[in-house]
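# Examining the three-dimensional arrangement
In case you want the letters, here they are:
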Amino acid sequence: MQKVDFSKGDGLVPVIVQDAQTLEVLMLGYVNDEAWEKTQAERRVTFYSRSKQRLWTKGEESGHFLEVQDLHVDCDQDTILIKALPEGPTCHTGSRSCFNTEHNQNFLFELERVIQQRIDVPVEGSYVNSLRQKGLNKIAQKVGEEAVETVIAALAETQHDFINESSDLIFHLILLLKEKGLGLQEIAANLASRHK
């Protein structure tokens, strides 16, 4: 268990919850010692509700839980950052984030999540499912086709066409990555390692 100093805030410390994939800030809440222990043990974010004067697990009524992926305590041990995967909207208003930020600056990670969900739970008639049934060679071939179409659009077509073809290429590349057991995080880490 990571040590937190609850003495500075009358037994409560603020918790920033961030989407583990998109890095978007989803909400701010507070935990006491008991809520912090429960969050770590159950790997679902539990807060201390100042208005209800009790523990509450985010999603206990809506089913929109925040599944803990990573926990960080700041250098003064009086603020917590939790990276979580949201199961649906985080805000009680139905929004992704309580901060009403622009949708979704890191949509590629959301797209990756949707593709992974289609792989994990195949949906009859879905494009991902139909392409996967044709095998790895077909998926790789589609990436090649979309790459050629992207180059042609860049050289001889409109900007709108180029955006559409680039989108098709990225979609198929993410599907190929998932088919090979990889994701955007591995690619980002590799690119970061080259940037020195």
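This one's a predicted model, so the numbers in the text were calculated from it and none came from an experiment.

Using the criterion set out here, one finds ten salt bridges in the structure. The partner of Glu-60 in a salt bridge is Arg-54, with the nearest N and O atoms 3.1 Å apart. Residue Arg-132 pairs with Glu-179 through a salt bridge whose shortest N-O separation is 2.6 Å. With Arg-132 in helix α3 (residues 127-133) and Glu-179 in helix α5 (residues 159-179), this pair connects stretches of sequence that are 47 residues apart.

As a further point, take the UniProt feature "domain: Phosphoribosyl-AMP cyclohydrolase" (unreviewed entry) in the protein. Under the local residue numbering, the UniProt record ascribes the feature "domain: Phosphoribosyl-AMP cyclohydrolase" (unreviewed entry) to residues 27-100. The annotated region residues 27-100 carries 14% helix and 38% strand content, and the separation between its end C-alpha atoms amounts to 10 Å.

Membership of the largest hydrophobic core comes to 21 residues, with the highest contact counts inside it found for Val-17, Val-31, Val-45, Ile-80 and Ile-82. Of all the secondary structure elements, the ones that give two or more residues to this core are β1 (13-19), β2 (25-31), α1 (33-42), β3 (46-49), β5 (66-73) and β6 (80-86). The residues contacting Val-31, other than those within four sequence positions of it, are Phe-6, Gly-11, Leu-12, Val-13, Val-15, Trp-36, Thr-46, Phe-47, Tyr-48 and Ile-80. Ranked by size, the runner-up nonpolar core spans 14 residues in total, among them Leu-111, Ile-115, Ile-139 and Leu-184.

Glancing now at helix α2 (residues 107-120). In this model, α2 (14 residues) spans 20 Å end to end at C-alpha, consistent with the 20 Å of a helix rising 1.5 Å per residue. Buried residues along α2 sit in contact with β1, β6, α3, α5 and α6 (184-194).

Running from N to C, helix α4 (residues 136-156) and α5 cross one another at 160 degrees; their axes reach a closest spacing of 8 Å. Classified by the angle their axes make, α4 and α5 are roughly antiparallel. Once α4 is placed against α5, the crossing between them reads as left-handed. Counting all contacts with α4, which are made through Leu-136, Ile-139, Ala-140, Lys-142, Val-143, Glu-146, Ala-147, Glu-149, Thr-150, Ala-153 and Ala-154, the residues of α5 involved are Asp-161, Phe-162, Glu-165, Ser-166, Asp-168, Leu-169, His-172, Leu-173, Leu-175, Leu-176 and Glu-179. Across the contact of α4 with α5, the residue classes tally to twelve nonpolar, three polar and seven charged.

We now examine the pairing of β3. Remember that side chains alternate between the two faces of the sheet whenever the strand is regular. The side-chain alternation of β3 yields two buried faces, one formed by Thr-46 and Tyr-48 and the other by Phe-47 and Ser-49. Examined bridge by bridge, β3 and strand β4 (residues 54-57) share four bridges and lie antiparallel to one another. If you follow Tyr-48 over to β4, its bridge partner there is Leu-55. Here β3 hands over to β4 after four residues, with Gln-53 in that stretch at a positive phi of 55 degrees.

Procedures and definitions
Residues numbered from 1 in each chain as written. Predicted model: local features only at pLDDT ≥ 70, side-chain atom pairs only at ≥ 80, totals over all residues. Heavy atoms only, no water. Salt bridge = Lys/Arg side-chain N within 4 Å of Asp/Glu carboxyl O. Helix = DSSP H or I, 4+ residues; strand = E, 2+ residues; numbered from the N terminus. UniProt positions renumbered as here; feature names shortened; annotations may be inferred. Core = buried A, V, L, I, M, F, W, Y, C linked by side-chain atoms within 4.5 Å. Buried < 20%, exposed > 50% of the residue type's maximum accessible area, 1.4 Å probe, protein only. Contact = heavy atoms within 4.5 Å. Expected span 1.5 Å × (residues − 1). Axes fitted to C-alpha atoms, helices over the stretch in contact; angles between N-to-C directions. Parallel < 35°, antiparallel > 145°, perpendicular 65-115°, else oblique. Left-handed = near helix turned anticlockwise from the far one by under 90°. Nonpolar A, V, L, I, M, F, W, Y, C, P; charged D, E, K, R; others polar. Pairing = 2+ DSSP bridges.

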